[in-house]
Protein chains: 2
Amino acid sequence: MNVVLLEPDEVVGGSLVVLRDHRATHLREVLGVAVGSTLRVGVVEGAMGVAEVVAIEDGVITIALRSLDETPAPSRLDLLLCLPRPKVLARLLSPIAQLGVHRLLLSGAWRVEKFYFDATILDPNEQRPLLLEGLAQAKDTRLPVVSVHKSFAWLVRTELGPATDDVLRLYADPGESRSIRDAIAQWPARATGRVLLAIGPEGGFTDRERRELGAASFARVGLGSRVLRSDVATIALLTLVHDALAER
Amino acid sequence: MNVVLLEPDEVVGGSLVVLRDHRATHLREVLGVAVGSTLRVGVVEGAMGVAEVVAIEDGVITIALRSLDETPAPSRLDLLLCLPRPKVLARLLSPIAQLGVHRLLLSGAWRVEKFYFDATILDPNEQRPLLLEGLAQAKDTRLPVVSVHKSFAWLVRTELGPATDDVLRLYADPGESRSIRDAIAQWPARATGRVLLAIGPEGGFTDRERRELGAASFARVGLGSRVLRSDVATIALLTLVHDALAER
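Everything numeric in this text was worked out from a predicted model, so none of it was measured.

**Focus: helix α6 (residues 207-215) of chain B**
Residue and element names in this part refer to chain B. Here α6 has its buried residues at Glu209, Glu212 and Leu213. The buried residues of α6 occupy one face: seen down the axis, they fall within an arc of 95°. For α6, the exposed residues set more than 90 degrees away from the buried face come down to Asp207, Arg208, Arg211 and Ala215. Of the surrounding elements, those touching the buried residues of α6 are α4 (152-159), β9 (167-172) and β10 (194-199). Within two residues after α6, Ser217 carries a phi angle of roughly 70°, on the positive side.

Here it is in structure tokens:
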């Protein structure tokens, strides 16, 4: 935990915040804070700053906000992720928040099992603590905006809207030799534009889905000759987009 | 499983190999092979090629090797990884094999808990199936060569030997602004040389360890302003080295 995240309703009406939950436990047992310690804090969807521990009593930690004046820039990366197995998705939510994703579109696809859509991890209340954990790790306050789309074709053809010059649409396809770095380097709007990256399901996109993506102006990019497991591939692809955008 | 890995002693004395273990289960239940199906196969530490299913009986699958003539190039990346928590290391071994690491040096450090060295995951017999799973995913046959080093100072000062022009030594340090890409782009031997990347423990390197690394010609590289959890950081860093080496 590199920043203590506070909910907006915890910071209304004064500068004191009382922590009783896992945040207090972490501060005591892992970080070993004492009265007078200063901490980095952030308000979910808001600013980051500094707080001071003013009291520790019966495991309850009271902090006083000293400043809240740094607002993290929103990520320039949106991720269209064909739904992986629920266990894999649960494991990926923290890394996705750590790496920085503005919108996370979870999509069906031909090779996505229909029953994945019934998984509890699609419940926003299940996702939120995992996303917050990733933000607290990466020192960010901006929660990815998650949406679920059962129909891949409807999402790509209609819901995404028409392609525009300021959003580069890419999809990862094993075996494609063009790299993310080259695709972004050749894109005129790379300094300020946004990237929408689509990642297929475990078995890959079908030819029909590739045609849908092509018709919606998604360009193919590859990750080299090694075939990575979908969770590792997702982390690798997000890393390469951020690196090429120089969001560093 | 994108390649069926065979042990060297399974391919001596003829072209038929009998599979009875998890590989047979995977071929039947996940890939749904039938007599006449062809498979990509590879011999651990050896060549890859093609085999044909010649019999399926009582769950036992017999394959006939048709070719074994592609030898994967060894990775040009060695990883010095300060020992993470045993659970994290267990989770990382498959991704490390997937991404491609020639030598994996597991090291102690000031912020590595001593009891991590007693973990069962340091037993090569525990590591091997996880590494093989990663290779089978990534279509590779070359097992990372794992070694364990309790003393960071002894490893860096003595065991690594003197720095040479054909090995670029890098260490990841949060907050450093120089990127892996820039460090490799400026390195004269980038087309054929090797990279040795050092990654610190959860709490980072101490100043003393940074001095040790500097004295052994390791250059600092950063991963941007976001602080990633050590497992995510390891995957991200390996991805960036491979991308910059254009091992794609």
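On we go.
**As for the nonpolar core**
Counting residues in each nonpolar core, the largest one holds 134 residues, and the members touching the most others are Leu80 of chain A together with Leu80 of chain B. With residues near it in sequence (within four places) discarded, Leu80 of chain B still touches Leu105, Ser107, Phe152, Leu155, Val156, Leu160, Leu196, Leu197, Ala198, Ile199 and Phe218 of chain B. Within the second largest apolar cluster, 16 residues are counted, among which are Val33, Leu39, Ile61 and Leu65 of chain A.

**Some remarks on the domain arrangement of chain A**
All names here are of chain A. For chain A, the assigned domains are domain 1 (4-70) and domain 2 (77-246). Contacts between the two partners involve 10 residues from domain 1, matched on the other side by nine residues from domain 2. Taken together, the two surfaces of domain 1 and domain 2 that pack against each other cover about 710 Å², and 59% of this comes from carbon and sulfur. Ranking the residues of domain 1 by area buried against domain 2 places Leu5, Glu45 and Met48 at the top, with a combined share of 62%. Put simply, domain 1 and domain 2 have one salt bridge between them. One salt bridge connects Glu7 with Arg128, and the closest N-O pair in it is separated by 2.6 Å.

What counts and how
- Residues numbered from 1 in each chain as written.
- Chains lettered and ligands numbered in written order.
- Predicted model: local features only at pLDDT ≥ 70, side-chain atom pairs only at ≥ 80, totals over all residues.
- Heavy atoms only, no water.
- Buried < 20%, exposed > 50% of the residue type's maximum accessible area, 1.4 Å probe, protein only.
- Helix = DSSP H or I, 4+ residues; strand = E, 2+ residues; numbered from the N terminus.
- Arc of directions from axis to C-beta.
- Contact = heavy atoms within 4.5 Å.
- Core = buried A, V, L, I, M, F, W, Y, C linked by side-chain atoms within 4.5 Å.
- Domains from an automatic or database assignment.
- Buried area = accessible area lost by both parts, 1.4 Å probe.
- Salt bridge = Lys/Arg side-chain N within 4 Å of Asp/Glu carboxyl O.

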